[in-house]
Amino acid sequence: QVQLVESGGGLVQAGGSLRLSCTASGRTFSSYAMGWFRQAPGKEREFVAAIRWNGGNIVYADSVKGRFTTSRDNAKNTGYLQMNSLKPEDTAVYYCAADASGSWYRGPKYENEYDYWGQGTQVTVSS
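Everything quoted here is computed from the prediction, not taken from an experiment.

K.L.:
Tell me about the pairing of strand β5 (residues 46–51), residues and numbers included.
P.N.:
Counted residue by residue, β5 has five buried out of six residues, so it is predominantly covered. The pairing of strand β4 (residues 33–39) with β5 spans five bridges and is antiparallel. Residue pairing across strands places M34 opposite I51, the latter belonging to β5. Hairpin connection from β4 to β5: six residues lie between these consecutive antiparallel strands, with G42 at a positive phi of about 75°. Where β5 and strand β6 (residues 59–60) come together, two bridges link them in antiparallel fashion. Residue pairing in the sheet places A49 in a bridge with Y60 of β6.

Rendered as structure tokens:
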């Protein structure tokens, strides 16, 4: 079973930056598509960003376009979410997810596309 572990969360002032990491177990991460989601207290989980297995087909939610960047280093079995110009409304638990097919059937924004999920990492942005 593939396991994903997020790290890099914390507390930051509005306008600051954080970089989240998602490290996968095993040696097959390079063939997996990856998505990032977030969930604020009392809210439903929402899509943030996604990247295909080869680093192409990068997709962002409208709320983070121009501020967040997702990337991956398959040699390290790690995906990244660089978050700049953070806003208080970005406060949430952030999750990474992996799709073993390497891409998406319906689209990267749908949770059912993903086979594996990390435990989440807390991001808090103060105003």
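Back to the text.
K.L.:
Pulling in residues and values, what's your account of the environment of L20?
P.N.:
Inspection of the secondary structure puts L20 in strand β3 (residues 18–24). On the basis of relative accessible area, L20 is assigned to the buried category, the value being 0%. Contacts of L20, omitting those with residues within four sequence positions, involve S7, G8, G9, W36, G79, Y80, L81, M83, Y94, T121 and V123.

K.L.:
Which residues make up the nonpolar core, and what values go with them?
P.N.:
Membership of the largest hydrophobic core comes to 34 residues, with the highest contact counts inside it found for W36, V48, F68, L81, M83 and Y94. If you list the elements that add at least two residues to this core, you get β3, β4, β5, β8 (78–83), β9 (92–99) and β11 (121–126).

K.L.:
Give me the lowdown on the sheet that holds strand β1 (residues 4–7), citing residues and values where you can.
P.N.:
Strands sit in the order β1-β3-β8-β7 across an open sheet of four strands; the sheet is antiparallel. Lying at the two open borders of the sheet, with one neighbouring strand each, are β1 and β7 (68–73). Going across the sheet, the axis of each strand differs from the next one's by a mean of 15°, ignoring polarity.

K.L.:
Got a sec to walk through the environment of V64? Specific residues and values, please.
P.N.:
Within the element layout of this structure, V64 appears in the loop between β6 and β7. Linking V64 and M83, residues 19 residues apart in sequence, is a C-alpha distance of 8.5 Å. Excluding its chain neighbours within four sequence positions, the residues that come into contact with V64 are R38 and V48.

K.L.:
Go over the packing of aromatic side chains with me, naming the residues and quoting the values.
P.N.:
Scanning the model with the defined rule gives five aromatic pairs in all. Between F37 and F47 the ring centres are 5.6 Å apart and the planes differ by 75°, which places this aromatic pair in the edge-to-face class. With F37 in strand β4 and F47 in strand β5, this pair connects stretches of sequence that are 10 residues apart. What makes F37 buried here is its relative accessible area of 1%.

K.L.:
Please give an account of the environment of R67 that cites residues and values.
P.N.:
Looking at where R67 falls in the secondary structure, it is placed in the loop between β6 and β7. Residue R67 is classed as buried on the basis of its relative accessible area of 11%. Considering only alpha carbons, one finds R67 and Y105, 38 residues apart in sequence, at a separation of 27 Å. Excluding residues that lie within four positions of it along the chain, R67 makes contacts with Q82, M83, N84, S85, L86, K87 and D90.

Calculation notes
Residues numbered from 1 in each chain as written. Predicted model: local features only at pLDDT ≥ 70, side-chain atom pairs only at ≥ 80, totals over all residues. Heavy atoms only, no water. Buried < 20%, exposed > 50% of the residue type's maximum accessible area, 1.4 Å probe, protein only. Helix = DSSP H or I, 4+ residues; strand = E, 2+ residues; numbered from the N terminus. Pairing = 2+ DSSP bridges. Contact = heavy atoms within 4.5 Å. Core = buried A, V, L, I, M, F, W, Y, C linked by side-chain atoms within 4.5 Å. Axes fitted to C-alpha atoms, helices over the stretch in contact; angles between N-to-C directions. Phe/Tyr/Trp six-rings, centres within 6.5 Å; stacked < 30°, edge-to-face > 60°.

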